[in-house]
Each structure stands twice: as C-alpha cells, then as structure tokens.
Amino acid sequence: MTNPVLPVIENCEGCSACCQRTPVPPFEPGEEAAHDVPESALQLIRDRISRDEQFELLPCVWLNPLNGLCRHYELRPQACRDFSPGSQLCRLCRDDEGVR
Ligand code: SF4
Ligand code: SF4
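Position labels on residues start from 1 in each chain and follow its written sequence. Key to labels: chains lettered from A, ligands numbered from 1, both in the order written. Totals for whole chains, interfaces and linings use every residue, but because this is a predicted model, local features are given only for residues with pLDDT of at least 70 and side-chain atom pairs only at 80 or more, for both listing and counting.

### Digging into the overall build of the chain
To keep it simple, the criterion reads: Strands here are runs of E lasting at least two residues and helices are runs of H or I lasting at least four, both read from the DSSP assignment and numbered beginning at the N terminus. What counts as a contact is two residues whose backbone-derived C-beta atoms lie within 7 Å of each other.
If you tally the helices and strands in the chain, you get five helices and two strands. Secondary structure elements of the chain, listed N to C terminal, follow the sequence α-α-α-β-β-α-α. Its C-alpha atoms give the chain principal-axis dimensions of about 50 × 25 × 25 Å. Restricting to contacts in the chain with at least 6 residues of sequence separation, those with at least 24 account for 74%.

And the structure:
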C-alpha cells in the first residue's frame with residue numbers, strides 16, 4: 001500500500017486551527033512573567049479559567065475571531081512558537097477544524 005501524498009503546508013495564512021482548539025495561551029508556569037505579559041492580557045486568561053468552560057473545544061482567548069490572528073502574537077508562549085505548520089499535529093488540527 002502506498003502512502004497518500006499530503007499537501008504542502010508552508011504557512012498559517014487563512015488557518016488558525018490550532019488556536020481554535022487551545023482555550024488559553026499554553027504558557028509554562030512562570031513563562032508569562034518572562035514575556036512581561038500585561039495585566040489586561042493575563043486577565044483574559046484568568047477569566048476563562050475561572051469560568052471553567054469546556055476547554056477542549058474553545059478558541060484561545062487571545063485569538064481575534066474577526067481576522068483569525070493572535071492578539072498578542074509577540075507575547076505568545078513558546079509552545080505556540082514551536083508549533084510547526086505542516087507538522088503532524090498541525091495537520092490533525094486542520095483536519096479537526098475542517099481546514100482544507
Ligand atoms: S494548524 Fe498549522 S497551519 Fe493552522 S495556524 Fe496552526 S500551525 Fe498554522
Ligand atoms: S498563537 Fe496566540 S491565539 Fe494562538 S494559541 Fe497561542 S496565544 Fe492563543
């Protein structure tokens with residue numbers, strides 16, 4: 001059996017599938033302080049956590065739903081920086097969100 005040829009995913013343009021499935025910025029403990037994240041951005045995270053919603057299906061509180069971009073891109077966690085377009089996890093997120 002031959003493996004299917006997967007499409008090349010070179011960048012995130014028109015996507016945001018991974019952010020759609022990450023309810024809060026995935027900071028490691030203490031990482032926010034290293035990034036010097038402002039209070040207003042931290043409050044969004046605290047509010048989401050305190051509401052205790054069904055995290056796994058919610059978009060990130062830092063995601064701008066109007067343009068699909070991170071509101072605090074320059075402050076995003078290392079985990080977001082390391083998430084590679086075209087990786088297996090990327091493809092899974094895109095598939096789950098119906099991004100073609
Ligand atoms: S799922 Fe992949 S292509 Fe889409 S925004 Fe995330 S890294 Fe980029
Ligand atoms: S890139 Fe921004 S919007 Fe996307 S998951 Fe990370 S912090 Fe949230």
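### Focus on the site of ligand 2
Heads up, the condition is: To decide nearness, the C-beta atom of each residue is placed from the backbone, and the residue is near a molecule or strand if that atom lies within 6 Å of it. Under the scheme applied, nonpolar residues are Ala, Val, Leu, Ile, Met, Phe, Trp, Tyr, Cys and Pro; charged residues are Asp, Glu, Lys and Arg; polar residues are all the others, including Gly.
Taken together, the neighbourhood of ligand 2 is formed by C19, T22, P25, C60, W62, L63, C70, R76 and C80. Partitioning the shell around ligand 2 into residue classes produces seven nonpolar, one polar and one charged.

### Description of the site of ligand 1
Neighbouring residues of ligand 1: I9, C12, C15, S16, A17, C18, F83, P85, C90, C93 and R94. Listing elements by their share of the shell around ligand 1, those giving two or more residues are α1 (17-20) and α5 (88-97). Of the residues belonging to the shell around ligand 1, the class tally is nine nonpolar, one polar and one charged.

### Re the nonpolar core
How we decide: Each nonpolar core consists of buried Ala, Val, Leu, Ile, Met, Phe, Trp, Tyr and Cys residues. Their C-beta atoms, within 7 Å, join them into a set. Counting other C-beta atoms within 10 Å of its own, a residue is labelled buried from 20 upward, exposed at 12 or fewer, and partly exposed in the gap between, with every C-beta atom placed from the backbone.
In terms of nonpolar packing, the biggest core is built from seven residues, these being A17, C18, C19, C60, W62, L63 and C93. A total of three residues in this core trace back to one element, the largest contributor, which is α1.

### Side note on unusual backbone geometry
One non-glycine residue with positive phi stands out, namely S16, at about 115°. For S16, the position within the fold is in the segment before α1. The backbone of D36 sits at a positive phi, close to 60°, despite the residue not being glycine. Turning to its location among the elements, D36 is positioned in the loop between α2 (31-35) and α3 (39-51). Exposure remark for D36: the 7 C-beta atoms within 10 Å place this residue in the exposed category.

### Quick word on the environment of L89
Along the polypeptide, L89 turns up in helix α5. Linking L89 and E74, residues 15 residues apart in sequence, is a C-alpha distance of 22 Å.

### Topic: α3
What counts here: How far a helix is expected to stretch is found by multiplying one less than its residue total by 1.5 Å.
An ideal rise of 1.5 Å per residue puts 18 Å on 13 residues; α3 measures up with 18 Å between its terminal C-alpha atoms. Little of α3 is tucked away: zero of the 13 residues are buried. Phi for D52, located one or two positions after α3, is positive at around 50°.

### Quick look at the environment of V99
Structurally, V99 can be placed in the segment after α5. Sequence spacing of V99 and Y73 is 26 residues, and the spatial spacing of their C-alpha atoms is 21 Å. Once you skip the residues sitting within four places of it in the chain, V99 turns out to touch C15, A17 and R94.

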